[in-house]
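Residue-level structure breakdown
These are the residues of each chain, in order.
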Amino acid sequence: MAVFNFGSINIDHVYSVPHFVQPGETLSSSSYQSILGGKGANQSVALAKAGNQVFHVGAIGASDSSFIIQMKDAGVDCDFIRELSDVASGHAIIQVTPDAENSIILFGGANQAISNDHIASALAAAKPHDWVLLQNETNDIDTVIQEAHKRNLNIAFNPAPMTDSVKQLALDKLTLLVVNEVEAEQLTGKSDVEAIKLSLKSDYPKTKILLTLGKAGVWFIEGNTEEFCPAFNVKAIDTTAAGDTFIGFFLAAYQSNMAVLEALKYACAASALAVMKAGAAPSIPSVDEVTAFLQAQ
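Cut-offs applied
- All residue numbers refer to position in the chain's written sequence, counted from 1.
- Local features in a predicted model are, by the rule used here, given only for residues with pLDDT of at least 70; side-chain atom pairs are given and counted only at 80 or more, and totals for whole chains, interfaces and linings are based on all residues.
- With hydrogens and water excluded, all non-hydrogen atoms of the structure serve as input to the side-chain values.
- A pairing counts as a salt bridge when a side-chain nitrogen of Lys or Arg comes within 4 Å of a carboxyl oxygen of Asp or Glu.
- Secondary structure elements are taken from DSSP: a helix is a run of H or I of four residues or more, a strand is a run of E of two residues or more, and numbering for both begins at the N terminus.
- Only protein chains enter the accessibility calculation, which uses a 1.4 Å probe. A residue is then buried if its area is under 20% of the maximum for its type, exposed if over 50%, and partly exposed in between.
- By this definition, two strands are paired if DSSP reports at least two bridges between them.
- Think of each axis as a best-fit line through the C-alpha atoms, taken over the contacting stretch in the case of a helix, with angles from 0 to 180 degrees between the N-to-C directions.
- In what follows, residue pairs with any heavy atoms lying within 4.5 Å of each other are defined as contacts.
- Here the word oblique covers every angle except those under 35 degrees (roughly parallel), over 145 (roughly antiparallel) and from 65 to 115 (roughly perpendicular).
- Throughout, a crossing is termed right-handed when the near helix is turned clockwise from the far one, and left-handed when it is turned anticlockwise from it by less than a right angle.
- Each residue is assigned to one class: nonpolar for Ala, Val, Leu, Ile, Met, Phe, Trp, Tyr, Cys and Pro, charged for Asp, Glu, Lys and Arg, and polar for all the others, Gly among them.

Moving on, we come to the pattern of salt bridges. On inspection of all chains with the given rule, the structure shows eight salt bridges. With its nearest N and O atoms 3.3 Å apart, the salt bridge here joins Glu147 to Lys150. With Glu147 and Lys150 both in helix H4 (residues 141–150) and three residues apart, this pair spans about one turn of that helix. In this structure Lys150 comes out as exposed when scored by relative accessible area, which is 64%. Salt-bridge contacts for Glu226 lead to Lys201; the nearest nitrogen and oxygen are separated by 2.9 Å. Note that Glu226 is positioned in strand S13 (residues 225–229) and Lys201 in helix H6 (residues 193–203), a separation of 25 residues in sequence. Through salt bridges with shared partners, one network takes in Glu194, Lys197, Lys201 and Glu226.

Moving on: the sheet that holds strand S7 (residues 102–107). Where strands meet in a sheet, backbone hydrogen bonds hold them as pairs that are either parallel or antiparallel. Spatially, the four strands line up as an open sheet ordered S3-S2-S6-S7, and their pairing is mixed. The outermost strands of the open sheet, each flanked by one partner alone, are strand S3 (31–37) and S7. This sheet shows a mean twist of 20° between the axes of neighbouring strands, independent of strand direction. Bridge count for strand S2 (residues 10–16) against strand S6 (residues 90–96) is seven bridges, and the pairing is parallel. Opposite Asp12, over in S6, you have Ala92 as the bridge partner. Against the sheet, helix H2 (residues 66–73) touches S2 and S3, its axis set at about 60° to S3.

Moving on, we come to the packing of helix H1 (residues 39–49) against helix H7 (residues 242–255). Running from N to C, H1 and H7 point in directions that differ by 40°, and their axes come no closer than 8 Å. By the criterion of interaxial angle, the relationship of H1 to H7 is oblique. Judged by the twist between their axes, the crossing of H1 over H7 is right-handed. Contacts between H1 and H7 pair Lys39, Asn42, Gln43, Ala46, Leu47 and Lys49 from the former with Asp244, Thr245, Ile247, Gly248, Phe249, Leu251 and Ala252 from the latter. Within the contact of H1 with H7, the residues separate by chemical class into six nonpolar, four polar and three charged.

Such coordinate-based values are descriptive only and should not be taken to indicate function.
See below:
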């Protein structure tokens, strides 16, 4: 089954600085990188590297088409990415200090300019039971959910970044809801993991839940059935795309009818490899790397 990922494409402008810039201060950076990022692009790259057919549906400024080439090189189908001449690409200005702390300014740009006809043209290419994947960095998410549900498509949603508007969406129409602990707390109003799980099961009884807990592991919940997988213990260098890598590899494995616990372990391994490298999309591993990692455990 194919995945149609209605997702953001960001250009991450990363500056290495001795400390975060202060009001009125001019600060020199020791290094600069311009890197493909955005939760949507990261998840598309992860799906493609996991061997899943993925169509990315999004928009980017016309002057930044080289980043589309990077996605194509990773195996992402980019036929539904529109290049806009009158809107700047989504991007992030990221300061990184020597102790790996970061400060980020995010600009939505073209990610907020996905039109209704763009949505319709992409969904028209989907077949029943294909998947639609969403994050909270693009516009008209509710339209995508409603239209995808009408077409009998599976819908996965990762509401990151979490905002109050998420609670107004038709979350009961989702096939899979993916939240980390912070997002789950904001969605349910609960702070204890067990209370969060009970609340999610009560509020969305027909929706499968992935509750990721970082280094503490991940829960998969379907009705009264729960599966837990611990995270791998590795030395993290950069956790930027860890969650996106997990989602891409899990969804690819889950669609292939891999047992849930094995799919969780597979995705945790991919995420562990991602945090051992710097960068967002460039840190996402290949299937061969994940397989070798698992065999070494």
